[in-house]
Amino acid sequence: MVQSGLTYEEYRQLIDELLAEGKTTGTNHSEANINYTKMNVARMRRVDKTAKISSEMESLIKGIQEPQTWLVLTEAWCGDASQSIPYFAKLAALNPLINLKLVLRDENPELMDQYLTNGARSIPKLIGLSQDLNEELFTWGPRPQYLQERLIAYKKDPQGLSSKEFSEGTYLWYARDRNQAIEQELKEAIAQYVTL
């Protein structure tokens, strides 16, 4: 599946091609999913332009001395993926030893089922693997911890918030956070196996 994985550029191209055909990734080509995909293209474009990597994180990524694969389970309609994957791509671009590959969740159910979140096929899921793919180095996802806890709380008690209002609050948080939470969580995960 890593061999069939897409680079970030190929992933973006696939999404553009599918949208041109009135489709998205996965099997659900509903108007809603296509609209989510269109919004996500705009979000990825924004994150591509605005994402910043701290000097500490840059040093950490450049300090990786063994080749590895960062495998991401995703789908084009996933809003959380649109916020994090461009940032993963920026990180991977800092070190030629990192091979970033994106695979579609719905085409890889066996893999996805090894990385469930509270029993759900939540994405994106980033899996850091050794070059030979035999050792799992770290995992991250499907969203920053704060948002994961917020989602769990919302599912228990929506407190009068519609799903639209809840989603708007999520994207406002992402816009304000500017990938800082993702960076901090990844920094902690990656620092465990990098010696500077």
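Above this note sits the structure.
Here is what the cut-offs are and how they apply
- Residues numbered from 1 in each chain as written.
- Predicted model: local features only at pLDDT ≥ 70, side-chain atom pairs only at ≥ 80, totals over all residues.
- Heavy atoms only, no water.
- Pairing = 2+ DSSP bridges.
- Helix = DSSP H or I, 4+ residues; strand = E, 2+ residues; numbered from the N terminus.
- Axes fitted to C-alpha atoms, helices over the stretch in contact; angles between N-to-C directions.
- Contact = heavy atoms within 4.5 Å.
- 1 Å grid on protein atoms, 1.4 Å probe; cavity = no way out; pocket = protein on both sides within 12 Å on 5 of 7 lines; lining within 4 Å.
- Points joined across faces, edges and corners; volume = space filled by probe spheres on them.
- Nonpolar A, V, L, I, M, F, W, Y, C, P; charged D, E, K, R; others polar.
- Salt bridge = Lys/Arg side-chain N within 4 Å of Asp/Glu carboxyl O.
- Buried < 20%, exposed > 50% of the residue type's maximum accessible area, 1.4 Å probe, protein only.
- Phe/Tyr/Trp six-rings, centres within 6.5 Å; stacked < 30°, edge-to-face > 60°.
- Lys NZ or Arg CZ within 6 Å of the ring centre and 35° of its normal.
- Parallel < 35°, antiparallel > 145°, perpendicular 65-115°, else oblique.
- Left-handed = near helix turned anticlockwise from the far one by under 90°.

(A) The sheet that holds strand 2 (residues 98-104), seen in detail. One open sheet accounts for 4 strands, arranged 2-1-3-4; its pairing is mixed. A strand with exactly one partner marks an edge of an open sheet, and here the two such strands are strand 2 and strand 4 (136-140). When the angles between neighbouring strand axes are averaged without regard to direction, this sheet yields 20 degrees. Note that strand 1 (residues 68-74) and strand 3 (residues 125-130) share 6 bridges and pair antiparallel. In the strand pairing of strand 3, Thr69 is matched with Leu129. Packing against the sheet, helix 8 (residues 180-191) makes contact with strand 1, strand 3 and strand 4, and its axis sits at approximately 160 degrees to strand 4.

(B) Expanded view of the layout of surface pockets. Estimated volume of the largest pocket: approximately 860 Å³. Around the largest pocket, the lining comprises 31 residues; the ones closest to its centre are Asp80, Arg143, Leu151, Ser167 and Tyr171. Listing elements by their share of the lining of the largest pocket, those giving two or more residues are helix 2 (31-50), helix 4 (79-92), helix 6 (145-156) and helix 7 (163-177). The residue makeup of the lining of the largest pocket, split by class, is 12 nonpolar, 10 polar and 9 charged.

(C) Fine view of the pattern of salt bridges. Under the defined criterion, the tally for this structure stands at 8 salt bridges. The residue Arg12 makes a salt bridge to Asp48 at a minimum N-O spacing of 2.7 Å. Here Arg12 is found in helix 1 (residues 8-20), whereas its partner Asp48 is found in helix 2, with 36 residues between them in sequence. The class of Asp48 is partly exposed, set by a relative accessible area of 26%. For Glu168, the salt bridge identified is with Lys164, shortest N-O distance 2.6 Å. Note that Glu168 and Lys164 are positioned in helix 7 at a spacing of 4 residues, about one turn of the helix.

(D) Region of interest: the pairing of strand 3. Burial analysis of strand 3 places 6 of its 6 residues in the buried class, the great majority of the element. Neither face of strand 3 is open: one carries Lys125, Ile127 and Leu129, the other Leu126, Gly128 and Ser130, and all of them are buried. Hairpin connection between strand 3 and strand 4: a loop of 5 residues separates the two successive antiparallel strands, and Leu133 in this loop has a positive phi of roughly 70 degrees.

(E) Region of interest: the packing of aromatic side chains. Inspection of the entire model under this criterion finds 6 aromatic pairs. Summarising the aromatic geometry, the rings of Trp70 and Phe138 are spaced 5.8 Å apart at their centres and angled 90 degrees between planes, so their arrangement reads as edge-to-face. In this pair, Trp70 is assigned in strand 1 and Phe138 in strand 4, connecting sequence segments 68 residues apart. Judged by relative accessible area, which is 0%, Trp70 ranks as buried. By relative accessible area, Phe138 is classed as buried at 5%. Of the aromatic side chains, those joined through ring pairs into one cluster are Tyr146, Tyr171, Trp173 and Tyr174. The ring of Tyr171 is capped by Arg43, whose NZ or CZ atom sits 3.7 Å from the centre of that ring. The aromatic ring of Phe166 is capped on one face by Arg150, whose charged end is 4.1 Å from the ring centroid.

(F) Here's a closer look at the packing of helix 6 against helix 7. Their axes nearest at 11 Å, the elements helix 6 and helix 7 cross at an angle of 170 degrees. Compared by their axis directions, helix 6 and helix 7 come out roughly antiparallel. As for how helix 6 packs across helix 7, the hand of that crossing is right-handed. Contact with helix 6, carried on its side by Tyr146, Leu147, Arg150, Leu151 and Tyr154, involves Ser163, Phe166, Gly169, Thr170, Trp173 and Tyr174 of helix 7 and no other residues of that element. Residues of the contact of helix 6 with helix 7, tallied by class, amount to 7 nonpolar, 3 polar and 1 charged.

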